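Okay, here's what each chain looks like letter by letter:
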Amino acid sequence: MRPCMSLMHLFGRWLRSCSRRTRNRIPRRLKNPLNYFRLLIESLYFNSLTNSDVVVDSLFEPVFWMVDILTRWFGKVFVFLVVALTSSILFIAYFCLLPLVLNTYSPGWIVWHICYGHWLLVMIVFHYYKAISTSPGNPPKMKNDIPFVSVCKKCIIPKPARTHHCGICNTCILKMDHHCPWLNNCVGHSNHRYFFSFCLYLTLGCLYCSISGRNLFIDAYNAIDHFKHMDVEKQGVPVTGVGLLIGIVPQESMTGKSYYHTPLPPYTFKDRMFHKSVIYMWVLTSTVAIALGGLTVWHAILISRGETSIERHINIKEARRMKKRGKVYRNPFNYGKLNNWKVFFGVEKRSHWLTRVLLPSGHVPYGDGLTWDIYPLKKDMMPV
């Protein structure tokens with residue numbers, strides 16, 4: 001490792017000398033990135049603890065920095081896309097499908113579609129709004145007596161258990177799961193339930209549109225395909241005869257075969273747009289149902305295990321490290337599958353499964369996100 005460190009040291013000295021010569025000629029906009037790059041190079045030979053992992057992390061730091069900046073800039077664009085795509089599906093459902101349902105379905109099915117569809121709509125809109133508008137939670141920046149596990153190198157504040165720093169939000173997040181660009185917000189202690197509920201109900205809504213609209217999609221696709229072929233075919237039906245029908249068949253029929261034109265069935269612009277809208281809706285909802293459904297299942301598995309996306313990687317490393325020592329690693333935040341779901345949804349009595357899970361609810365999550373001694377749940381004192 002010493003030759004590598006010496007090489008980096010020489011490269012840093014050369015970079016420093018070059019920067020002194022060209023300091024006056026470099027535009028002000030480029031000075032900060034160049035100083036940042038020089039600092040990264042110098043950090044590679046800062047002390048004897050430097051290893052290959054530190055070198056790789058330092059070299060990729062500008063890439064991570066650029067990704068964080070782009071994600072921060074495009075966060076509002078992603079939110080706009082979610083709102084725009086969801087609104088387009090609602091427009092098709094209300095102005096194309098709802099009149100069809102009211103005219104063709106039985107009263108029982110009409111009530112079912114209206115009630116179930118609007119319940120999903122309310123749950124999706126409510127949880128998405130709460131997920132993007134609710135702060136995930138931050139540790140206190142003032143001095144306090146709360147136990148902590150480490151100190152954040154960027155915020156220079158104590159980090160309680162399950163707290164991690166988000167480079168995009170540029171702050172520490174309590175029980176951080178990940179930064180979601182579709183929310184333009186971090187998913188943490190205070191809004192994790194809203195994020196998961198939004199994913200769950202949006203998946204159910206897309207599955208509902210995909211399954212109920214399957215036959216409409218097939219009919220619309222066949223109709224567009226049929227009329228597309230009718231446009232290229234010769235518009236006429238052969239008629240054979242032996243004599244001249246004056247005033248009905250033209251003179252060319254003297255050959256024994258003639259054509260007269262039959263009008264195509266009407267295929268208006270409205271019909272064409274209806275069929276294309278149905279195809280657009282089915283393809284979009286089916287694709288989102290598959291992609292988002294996989295993400296929802298993955299987060300459901302993590303919740304059942306009492307861990308977040310970040311903690312999943314940490315726990316795997318800890319389990320391997322403990323296994324080498326002949327020990328078994330146990331997640332300290334795992335209270336059992338059912339109790340993990342109770343903690344996550346804030347269920348404290350049986351009625352909460354309805355009022356806090358199946359209906360919109362703005363209740364705060366269990367605990368403060370700073371300490372995680374959920375002692376009632378360890379003894380399963382909430383038999384719900």
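Parameters and conventions
Numbers given to residues run from 1 along each chain, matching the order in which its sequence is written. Local features in a predicted model are, by the rule used here, given only for residues with pLDDT of at least 70; side-chain atom pairs are given and counted only at 80 or more, and totals for whole chains, interfaces and linings are based on all residues. Neither water nor hydrogens contribute to the side-chain values; these are computed over all heavy atoms in the structure. The method works on a 1 Å grid over the protein atoms by themselves. A cavity is a set of points holding a 1.4 Å probe that cannot get out, a pocket is an open set with protein on both sides within 12 Å along at least five of seven lines, and residues with an atom within 4 Å of a point line them. Grid points are joined across faces, edges and corners, and a volume is the space filled by probe spheres set on the points. For helices the rule is a DSSP run of H or I covering at least 4 residues; for strands it is a run of E covering at least 2, with both sets numbered from the N terminus onward. When residues are grouped by polarity, Ala, Val, Leu, Ile, Met, Phe, Trp, Tyr, Cys and Pro land in nonpolar, Asp, Glu, Lys and Arg in charged, and all others, Gly among them, in polar. Under this scheme, a helix contributes an axis fitted over its contacting stretch, all axes are lines through C-alpha atoms, and angles between N-to-C directions fall in the 0 to 180 degree range. Should an angle fall under 35 degrees it is taken as roughly parallel, and over 145 as roughly antiparallel, whereas 65 to 115 is taken as roughly perpendicular and any remaining angle as oblique. Any two residues having at least one pair of non-hydrogen atoms within 4.5 Å are treated as being in contact. The criterion is simple. A nonpolar core is a set of buried Ala, Val, Leu, Ile, Met, Phe, Trp, Tyr and Cys residues joined through side-chain atoms within 4.5 Å. Think of it in three bands: with a 1.4 Å probe and only protein chains considered, a residue is buried below 20% of the maximum accessible area for its type, exposed above 50%, and partly exposed in between. Aromatic contacts are taken between Phe, Tyr and Trp rings whose centres are within 6.5 Å, Trp giving its six-membered ring; a plane angle under 30 degrees counts as stacked, one over 60 as edge-to-face, and the others as tilted. Two limits define a charge over a ring: the Lys NZ or Arg CZ must be within 6 Å of the ring centre, and within 35 degrees of the ring normal.

**Student:** Give me the layout of surface pockets: which residues, what numbers.
**Tutor:** Each pocket or cavity is described by its volume, and for the second largest pocket that value is around 1200 Å³. As for the second largest pocket, its lining consists of 44 residues, and the residues nearest its centre are Ile 89, Gly 205, Cys 206, Cys 209 and Thr 285. Going through the elements one at a time, helix H4 (75-104), helix H5 (107-133), strand E5 (178-180), helix H6 (192-212), helix H7 (214-232) and helix H8 (269-305) are the ones with two or more residues in the lining of the second largest pocket. Looking at the lining of the second largest pocket, the element that brings in the most residues is H4, giving twelve residues. For the lining of the second largest pocket, the per-class residue count stands at 34 nonpolar, ten polar and no charged.

**Student:** Go over the packing of H8 against helix H10 (residues 337-345), please, and point to the residues and values.
**Tutor:** At a minimum axis separation of 7 Å, H8 and H10 run at an interaxial angle of 105 degrees. Accordingly, the angle class assigned to the pair H8 and H10 is roughly perpendicular. Between H8 and H10, the residues in contact are Ala 300, Ile 303, Ser 304 and Arg 305 and Lys 337, Asn 340, Trp 341 and Phe 344, respectively. In terms of residue class, the contact of H8 with H10 is made up of four nonpolar, two polar and two charged.

**Student:** An account of the nonpolar core is needed here, citing residue identities and associated values.
**Tutor:** Residues Tyr 128, Leu 183, Phe 195, Phe 198 and Leu 202 are the most contacted members of the largest nonpolar core, which totals 21 residues. Put simply, the parts of the chain that give this core at least two residues each are H4, H5, H6 and H8. Among the elements that make up this core, the one with the highest residue count is H6 (nine residues). If near-sequence neighbours (up to four positions away) are discounted, Phe 195 is found in contact with Ala 131, His 178, Cys 180, Leu 183, Val 187, Leu 295 and His 299. Ile 92, Cys 96, Leu 97 and Phe 217 belong to the second largest nonpolar core, which has ten residues in total.

**Student:** So what's going on with the packing of aromatic side chains? Residues and values would help.
**Tutor:** Throughout the structure, instances matching the rule amount to 17 aromatic pairs. Judged by centre distance (5.7 Å) and plane angle (55 degrees), the ring pair of Phe 196 and Trp 341 falls under tilted. With Phe 196 in helix H6 and Trp 341 in helix H10, this pair connects stretches of sequence that are 145 residues apart. Take Phe 196 and Trp 341: they sit in the same class, and that class is buried. The ring centre of Phe 333 lies 4.4 Å from the NZ or CZ of Arg 162, which sits over that ring. Over the ring of Trp 372 we find Arg 162; its NZ or CZ atom is 4.6 Å from the centre of that ring.

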